[in-house]
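Each chain is listed here by its residues.
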Amino acid sequence: MSNYQKRGKDELARRVAQDIFDGAYVNLGIGMPTLVANHLPAGLEVVLHSENGVLGMGPAAAEGEEDYDLINAGKQPVTLLPGGAYFHHADSFGMMRGGHLDICVLGAFQVSATGDLANWHTGAPDAIPAVGGAMDLAIGAKQTWVMMDLLDKQGRSKIVSECSYPLTGIACVKRIYGDLATLACTPQGLRLIDLVEGLVHAELERLLGLPVAAG
Amino acid sequence: MINKIAASVAEALAGVADGATVLIGGFGTAGIPTELIDGLIEQGARDLTVVNNNAGNGETGLAALLKTGRVSKIICSFPRQADSQVFDGLYRGGKIELELVPQGNLAERLRAAGAGIGAFYTPTGFGTELAKGKETRVLNGRPQVLEYPIHGDVALIKAERGDRWGNLVYRKAARNFGPVMATAARRTIATVHEIAELGELDPEAIITPGIHVSKLVKIERIATQAGGFKGAV
């Protein structure tokens, strides 16, 4: 057993933010991915897209200045940066589906080694299904990145050879930013991009139960 | 002379028939035509199919409409929310039919209806439960799913300003589904906070041209979440 430190939520968000380039059009999914906005390197101009019809979304609205006509996909009051724009839902999802966004960062229940994504439904028989924009986001951006802990609470790998949860999209995830490692999903399976300090390649493969090609 | 301004919500909603498909705009707190939904509850049409992104929150608005038992089917992308108890109860009790649609497909199916498109292929949802039983085809090397338009009998939307020809301007992210729903229904009813004189709305900035609007009703700007303003205007 090697001695390693997992990436915390903010550290993980910082790791994702490192790979976002100047001028990128980016959609950050609801939940953990929204943290990425707090860690974008200074001096970078990144245009954030919100599926409900906003480009150039700014930070959360200050207390007392909330405008409930200006909200993000998570329905929280936000702000608009100078240069930002509003548009209707069909245009917003056209932007997505049409491949105009550079990067989309999503959470996931499971990702397969070849990039299949499951993040909308646990498939539990009593669960009420809700999909929102998950399926459009998964397949729309030039690059779809997943941000998640690599193991579930029981220590089982959330990266699998085949998803057991209902699929959101097929072969759509390019990269997984995890608490233990960053990985690329390829038609041949996983490829290592980086590991947290102290974790060795063989130990990662053991934890995931999957082969990981060297980077 | 064209005058699409209705004196009241009740006048604007007269004639919504039993069995109608009703498109209802709004996303989160923005762009919900609350006054028109309340008016529809008053009006009393039954056996409705409702199209909205969600399936109602709390006990008011769409949730209150569902609670009357007059909605037999809902077409939406995200019914399950922390406060969607009214829908949850009806769904679990088998009292409402749900057609779950990815959000972008919902928007595009409405757009297709308004634009006279017979059907379209989209990559969204391919290989998932939501595409089960649907026709597929590989186009440009990419597998795609055949989706059909959603036509409304009536659309209820909320805009910011309008004129007697029915031209509409929206406010911020409250635009959301309004412009596409306005095109997708045989009759579109919009609420506005301000009525402008003809020519007063900048023609370069009109988002929904009046051809898509049947009636508009002026409503008060209420300091509620649904109204878009919490504090002073």
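Presented here is an overview of the structure given in this document.

Parameters at a glance
Residues numbered from 1 in each chain as written. Chains lettered and ligands numbered in written order. Predicted model: local features only at pLDDT ≥ 70, side-chain atom pairs only at ≥ 80, totals over all residues. Helix = DSSP H or I, 4+ residues; strand = E, 2+ residues; numbered from the N terminus. Contact = placed C-beta atoms within 7 Å. Pairing = 2+ DSSP bridges.

Attention now goes to the environment of alanine 159 of chain B. All names here are of chain B. The topology assignment puts alanine 159 in the loop between β8 (152-158) and β9 (161-163). Residues alanine 159 and alanine 14 lie 145 residues apart in sequence; the distance between their C-alpha atoms is 20 Å. Ignoring sequence-local partners within four residues, the contact set of alanine 159 consists of Leu168, Val169, Tyr170, Gly178, Ala190 and Val192.

Next up on the list: the sheet that holds strand β12 (residues 194-196) of chain B. All names here are of chain B. Here we have 3 strands laid out as an open sheet, ordered β10-β9-β12, and mixed in their pairing. Every other strand in the sheet has two partners, leaving β10 (168-169) and β12 as the edge strands with one partner each. Sheet topology note: the β9/β12 ladder contains 3 bridges and is parallel. If you follow arginine 161 over to β12, its bridge partner there is glutamate 194.

All right, on to the pairing of strand β7 (residues 142-147) of chain B then. Residue and element names in this part refer to chain B. Bridge count for strand β5 (residues 120-122) against β7 is 3 bridges, and the pairing is antiparallel. Considered in β7, the bridge of threonine 122 is made with valine 145. Bridge analysis of strand β6 (residues 136-139) against β7 gives 4 bridges, and the strand direction is antiparallel. Counterpart to valine 138 in the pairing with β7 is proline 143. Turn length for the β6-β7 hairpin, with the two strands adjacent in sequence and antiparallel, is 2 residues, and the turn residue asparagine 140 shows positive phi of about 55°.

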